[in-house]
Amino acid sequence: MIKDITEKNNNVTLGAKEVEVLRENFPACFHADGSFDIERFKEYLKDKINVTDEGYELRFLGKNYARLLASLDTTTVVVPDEKHNSMPENKDSKNVYISGDNIDALKHLLKSYAGRIKCIYIDPPYNTGSDGFVYNDSFKFTPEELSSKLSISEEQAIRILDLTRRGTATHSAWLMFMLPRLVLARDLLTDDGVIFISIDDNEQSNLKLLCDDVFGEENFLGNIVRSTGQTTGQDSGGLGSSFDYILVYSRKEGYELNGLELSEKDKKRFQDKDDVGFYAYDQLRKTGSNDKREDRPNLYYGIKNPDGEILYPTATAGYDSRWRVEKTSYENLVKNNMILWKKTMRNNEEVWWPYVKYYLDGRTKRPSPLWNDLEGNKKAAREVRDLFDGKKVFDFPKPIDLLNRIITIATEKDSIIVDFFGGSSTTAHALMKKNSEDGGDRTFILVQLQELCEKDSEAFKCGFRTIDKIGMERIKRAANKIKQENPLFHGDLGFKHYTLQEPSDIAVEKMENYDPKYIFGDKTLVDEFGVPTILATWLVRDGYGLTPEIETLDFDGYEVYCMPNHLYIINPGLTNEAVGGLLDKYQTEAEFNPQNIVVYGYALMWNEQQGLKDNMQTVQAGEKNMRINFDIRY
């Protein structure tokens, strides 16, 4: 468990993961001494991409250190809030709230949710100098260790470690804080996933370059400009700002956002009606930019007008233009009665001209990058105060309407949405509200650091000691409000709660000194974490997520925990009778086939482990002819 991860982390070096990918896919590019032949690698690529020695990149102090942090595993354990999770509204919920550092949370989540998250929204600290951001690293490297891992001088290592330990809010510190989190977040996204990142002027330009580095420039979907409803910074003599921004990146190229519902003003365009319904129409010829024949030669072709004459796309200025769709798509439009011919004056001559119909029913519009039609931060503050009996328990929340729009354009009704800067839980509130409106089954995973509330704050006076407690309370109050406003809605309004916890120094010392050959085991290391924590941590590690349905098996009073492919043995005192019962279940029940038996190494004595292994060999040699993998974890 912790000991295994610590030993693995000690051997991690910068770029090791990338090297393994290259070694697996391009073995011919490695020499016998392990060195990489870049010239041979270029030979593989020369017909496909241009390899250049020139370019530009974002550089900052600690960039490689930040990349190293992304490659280290977390030594935290996942502690379930058993009382909360067992409540009726939460016991079957698929929503998750995690209290803890988001870099640790992301590393846990990747083990179960990699490639499964449709949408990520984050509102990170803006590093304005007054928003409370300081970089404060919990990793404990000596200059010698860091120098070795990054292949840098000890002097450079000391500069980086000084930046991480003195609590600083420089641009380099902020970028070093953001980089590993974005790298980990990228791997959570589905191939058609998208991330939205709120930011203001202070770090917007740096964040854009950082995201280009992490997600790729080709996956930049745009920069949403949002009116905050407030003007700041005018006292400095500059223009000030009434806006903040949301950078949007997709996981892969070719991503398309969903459309938005038409406004009443939009609907006024649909004045004409036929047997299908109300419709509007636009020219079949492409207008505006990139409308010339040479821009898209395949979209220049002849079509027959109602008089049987061949018509080509020609601009009023006289040059060859192009249609909006290719010929096969045009033929489908004709077949479906979507082409409208109208007599039109062009160059002082009345001619037939084609238009494409657009029906009102089911019609949406493309999202604009300017979101000045939403109420700003003042409304967001009112929304939180209204839930908390008029008390201002959180500064600078985001509006529900903002998250509602993001959810609308970026998710399907069964998507998972992640927000790992959970704050006041606007994301969870908006998601539950959206589900109640459209019958969706979207689920959320929120992460929030147990950041202390200021003692003179309204939140502290209301009894909240940490920000995560405010976030969880908002979800509960929002759920109650949604139930009152939508009594017929029976969707998921609960959440499972987990806390990430570092092992105590005493536990770490015990684990470091523990000898697996020790005959008696160490039951105190079961008590240190507790069976529910060990089990929750392993379930995430093995891909079952944070909301699995666990089957508890009882063998003569000894409990074993079962999932489709894993059997977990954590409790001390494994008896011969329990092993016999387990063996009998394998041999007599055709559907019982967990191929991995995972044992908490500290819990069992040496003879108990050996007895279990010996008996399970009977299963491997029996009718099932089933190979069982033993995984002893420390």
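One structure accompanies this document, and this report is about it. (Residues numbered from 1 in each chain as written. Predicted model: local features only at pLDDT ≥ 70, side-chain atom pairs only at ≥ 80, totals over all residues. Heavy atoms only, no water.)

A word on the overall build of the chain. If you tally the helices and strands in the chain, you get 22 helices and 23 strands. Seen through its C-alpha atoms, the chain measures out along the principal axes to roughly 100 × 65 × 60 Å. Each of the 634 residues in the chain was classed as buried or not, and the buried ones make up 48%. Summarising the internal contacts of the chain: among those between residues at least 6 apart in sequence, 73% fall at separations of at least 24. Computed over 82 positive and 103 negative side-chain charges, the inter-centroid distance for the chain is 5 Å. (Helix = DSSP H or I, 4+ residues; strand = E, 2+ residues; numbered from the N terminus. Buried < 20%, exposed > 50% of the residue type's maximum accessible area, 1.4 Å probe, protein only. Contact = heavy atoms within 4.5 Å. Lys, Arg positive; Asp, Glu negative; His and termini not counted. Charge placed at Lys NZ, Arg CZ, Asp CG, Glu CD.)

Examined against the element boundaries, R346 turns out to sit in strand 12 (residues 339-346). Residue contacts for R346: discarding those within four places in its chain leaves Q283, T314, A315, T316, V351 and W353.

Attention now goes to the nonpolar core. Membership of the largest hydrophobic core comes to 68 residues, with the highest contact counts inside it found for Y65, I120 and L182. Looking at which element gives the most residues to this core, the answer is helix 9 (residues 171-188), with 12 residues. Grouped together as the second largest cluster of nonpolar side chains are 45 residues, Y97, F196, V248 and I417 included. (Core = buried A, V, L, I, M, F, W, Y, C linked by side-chain atoms within 4.5 Å.)

This brings us to the pattern of salt bridges. Within the structure shown, the criterion is met by 30 salt bridges. When the shortest N-O distance is used, the salt bridge between D123 and K398 registers 3.1 Å. Taken together, the residues D123 in the loop between strand 3 (117-122) and helix 7 (143-150) and K398 in the loop between helix 13 (377-387) and helix 14 (400-410) connect sequence positions 275 residues apart. Across the pair K208 and D212 runs a salt bridge, and its minimum N-O distance is 2.9 Å. Of this pair, K208 and D212 both sit in helix 10 (residues 201-215), four residues apart, which is roughly one turn of the helix. Both residues of the pair, K208 and D212, count as buried. Residues joined by salt bridges that share partners form a network here, namely E57, K63 and D213. (Salt bridge = Lys/Arg side-chain N within 4 Å of Asp/Glu carboxyl O.)

This part covers the side chain of N95. Along the chain, N95 falls in the loop between helix 5 (82-85) and strand 2 (96-99). The buried category is assigned to N95, whose relative accessible area is 0%. At 3.0 Å, the side chain of N95 and the backbone nitrogen of F444 are in polar contact. At 3.5 Å, the side chain of N95 and the side chain of D492 are in polar contact. Those residues in contact with N95, other than ones at most four positions away along the chain, are R442, T443, F444, D492, G494, F495, K496 and T547. (Polar contact = N/O pair within 3.5 Å; in protein donor to acceptor, adjacent residues only side chain to side chain.)

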